[in-house]
Amino acid sequence: MKQYEPVIGLEIHVELKTKSKMFCRCSAVYFGEPPNTHTCPVCLGMPGALPVTNKDAIEKAILVGLALNCKVNNFSKFDRKHYFYPDLPKGYQISQYDLPINGKGYLDINISGEKYRVGITRAHQEEDAGKLTHTGDATLVDLNRAGVPLLEIVSDPDMHNPVQAKLYAQKIQQIVRYLGVSDADMEKGSMRADANVSVRPAGENGLPPYKVEVKNMNTFKGIERAIEYEIGRQIQLREKDEMPVQETRGWDENKGKTFSQRTKEAAQDYRYFPDPDLPPLTFDDAYIQSLGKKLPELPDAKAKRFRETYKLSDKDIETLLFDRMFADFFEEAVQVYARSKADSPTSGVEPEDAKKVANWMLGEMLRRINESNTSLSDLKLSPAMLAELLYLLDKGEISGATAKGVFAKMFETGTGAAQIIQQHGLSQISNEGEIKRIVEKVIAANQKAVSDYKAGKEASLQFLIGMVMRETKGKANVEQAKKLLLDLI
Ligand code: ZN
Ligand code: MN
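A short tour of the structure in this document, coming up. Computed from a prediction, not measured in an experiment: that's the story for all the values here.

**Re the overall build of the chain**
For step 1, the next point in the chain: Each helix and strand in the chain was counted, giving 15 helices and 15 strands.
For step 2, the next point in the chain: At 30 Å, the chain has a C-alpha radius of gyration far larger than the 23 Å of a compact globule built from 489 residues.
For step 3, the next point in the chain: If one aligns the C-alpha atoms of the chain with their principal axes, the spans along those axes are about 90 × 55 × 50 Å.
For step 4, the next point in the chain: The buried share among the 489 residues of the chain stands at 48%.
For step 5, the next point in the chain: Expressed as a percentage of contacts within the chain between residues at least 6 apart in sequence, the contacts between residues at least 24 apart total 70%.
For step 6, the next point in the chain: Summing over all exposed atoms, the chain offers an accessible surface of approximately 24400 Å²; the carbon and sulfur share of this is 51%.
For step 7, the next point in the chain: On the chain, the mean spot of the 67 positive side-chain charges and the mean spot of the 69 negative ones are 3 Å from each other.

**Describing the sheet that holds strand β5 (residues 105-111)**
For step 1, the next point in the chain: The mixed open sheet is built from eight strands, whose spatial order is β5-β6-β9-β1-β10-β11-β12-β13. Whereas interior strands pair on both sides, the edge strands pair on one side only; in this sheet they are β5 and β13 (257-263). Neighbouring strand axes in the sheet, compared pairwise and without regard to direction, differ in orientation by 30 degrees on average.
For step 2, the next point in the chain: Here strand β1 (residues 4-15) pairs with strand β10 (residues 191-201) via 11 bridges, running antiparallel.

**Remarks on the coordination of the manganese ion (ligand 2)**
For step 1, the next point in the chain: Within the protein, the atoms that donate to the manganese ion (ligand 2) are H13 (NE2), E126 (OE) and E152 (OE), at distances of 2.0 to 2.2 Å.
For step 2, the next point in the chain: According to the relative accessible area criterion, E152 is buried, its value standing at 9%.

**Side note on the pairing of β10**
For step 1, the next point in the chain: Of all 11 residues in β10, 10 are buried; the element is thus mostly enclosed.
For step 2, the next point in the chain: With four bridges connecting them, β10 and strand β11 (residues 212-217) associate as antiparallel partners. Its bridge partner lying in β11, V197 is registered against V212.

**Focus on the coordination of the zinc ion (ligand 1)**
For step 1, the next point in the chain: At 2.3 to 2.4 Å from the zinc ion (ligand 1) lie its protein donor atoms, namely C24 (SG), C26 (SG), C40 (SG) and C43 (SG).
For step 2, the next point in the chain: One way to put it: the four donor atoms around the zinc ion (ligand 1) meet at angles of 99 to 115 degrees, and that makes the site tetrahedral.
For step 3, the next point in the chain: We note that the donor set of the zinc ion (ligand 1) lies within a single chain, spaced as C-x1-C-x13-C-x2-C. No difference in accessibility class separates C24 from C26, as the two residues are buried.

**Describing the sheet that holds strand β4 (residues 92-95)**
For step 1, the next point in the chain: With antiparallel pairing, the three strands of this open sheet are ordered in space as β4-β3-β14. Sheet topology places β4 and β14 (273-274) at the edges, where each strand pairs with a single neighbour.
For step 2, the next point in the chain: Where strand β3 (residues 79-82) meets β4, four bridges bridge the pair, whose relative direction is antiparallel. Counterpart to H82 in the pairing with β4 is Y92.

Cut-offs used in this document
Residues numbered from 1 in each chain as written. Chains lettered and ligands numbered in written order. Predicted model: local features only at pLDDT ≥ 70, side-chain atom pairs only at ≥ 80, totals over all residues. Heavy atoms only, no water. Helix = DSSP H or I, 4+ residues; strand = E, 2+ residues; numbered from the N terminus. Rg over C-alpha atoms; globule rule 2.2 N^0.38 Å. Buried < 20%, exposed > 50% of the residue type's maximum accessible area, 1.4 Å probe, protein only. Contact = heavy atoms within 4.5 Å. Areas by Shrake-Rupley, 256 points an atom, 1.4 Å probe, with all protein chains shown as cover. Lys, Arg positive; Asp, Glu negative; His and termini not counted. Charge placed at Lys NZ, Arg CZ, Asp CG, Glu CD. Pairing = 2+ DSSP bridges. Axes fitted to C-alpha atoms, helices over the stretch in contact; angles between N-to-C directions. Donors = N, O, S within 2.8 Å, 3.2 Å for Na, K, Ca; no water. Tetrahedral: all angles 85-135°; square planar, octahedral: opposite > 155°, others 65-115°.

By themselves, these are just geometric observations and shouldn't be taken as functional.
Here you go:
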């Protein structure tokens, strides 16, 4: 069997988070709203209604372009893309054809520690279509989404396996979320990915004479599986000396298969022409630079700084940075914690402090977030609360065993650690007399374990320590308990 190399490019649409739609004043916040309540003559395509460009959407589109290292064009324009869209009443979509806002750029993804660069062809501004709901013998249309600003990010055909494509899509989501310009929620449809997939005999460099566009994946796993399936299907055809046809295929998540939707039209079929109702967009360099100053620290730069400042592992950093709010939570908790234990207010952050905070966040905190399905914006736990817990642990106010329980209560209720400890009587027992009394009781009740330990069975000591902790409901100072046990047996 011959070897084949897949050639993959992605087209990712992200809805820009603006107050109003792309070319009218209707609210763009449509999710869950009653159908057809966010509409007006412009987005309904009424005769004579004129579009006006949304400046906020344009600025957000440029921010994405800058974050993706794109050449932001000084001159761009809107074009009409003609097509029968049952969910876009004008009969065309306002998009950009030959002169997009954002031209050539690139995005680096991280594949098991290696940097892999994917070219960006363009990122252009357009409008979303409405939503169709098929109900047996009828189709319902909701035009609340029609005209919501959409940015289409087109990659070069630079990816060669499904994992690269998935990582690329995840990184796009991460970046637009860091920028705060889109929710980029695949399940809610504010981020949608289409993949262009073809295969060529290994060793060939040119693009294959066809490509298949795969649509309808609404999870990252779905992107990976759909491309995987499509590669297999195309290789089978090429093995039989059949060239796959250029077409659009849908992804059926349940069957795990793609299916033919329509043979793919070419650009000329859309009869693109400049929209006569909209003036072209002209930006001078100073304006573009001023937007560049608004860019937040992006994931790659943050990762580099975290590596240098906190000396954390790449894996820890990757998880901490996945969401900007999570990364911010980490830094704030580290700062408060370091300050609380510092002798002078100018002392810096020690890597070990950062590591402790990271361990709690990546362990207990993430587990509870996932279990309770809490979004980061709804957290009751604050960075200062986590810092306080660590501080109280350091001071010996609570035992390590108790700390997890205290954390759970903080997470659930938003009450501070000191208050929880006081309310529930969880203070660590460090009083020597009190621990001694319990140790003596445990020794008396467990003579067999004592003699086993004396006979050289190390595990029996752990058992005895465990009994002391049980007697004190986890509140004994473990080190003290161990020392007393050794003294008394
Ligand atoms: Zn409208
Ligand atoms: Mn598009």
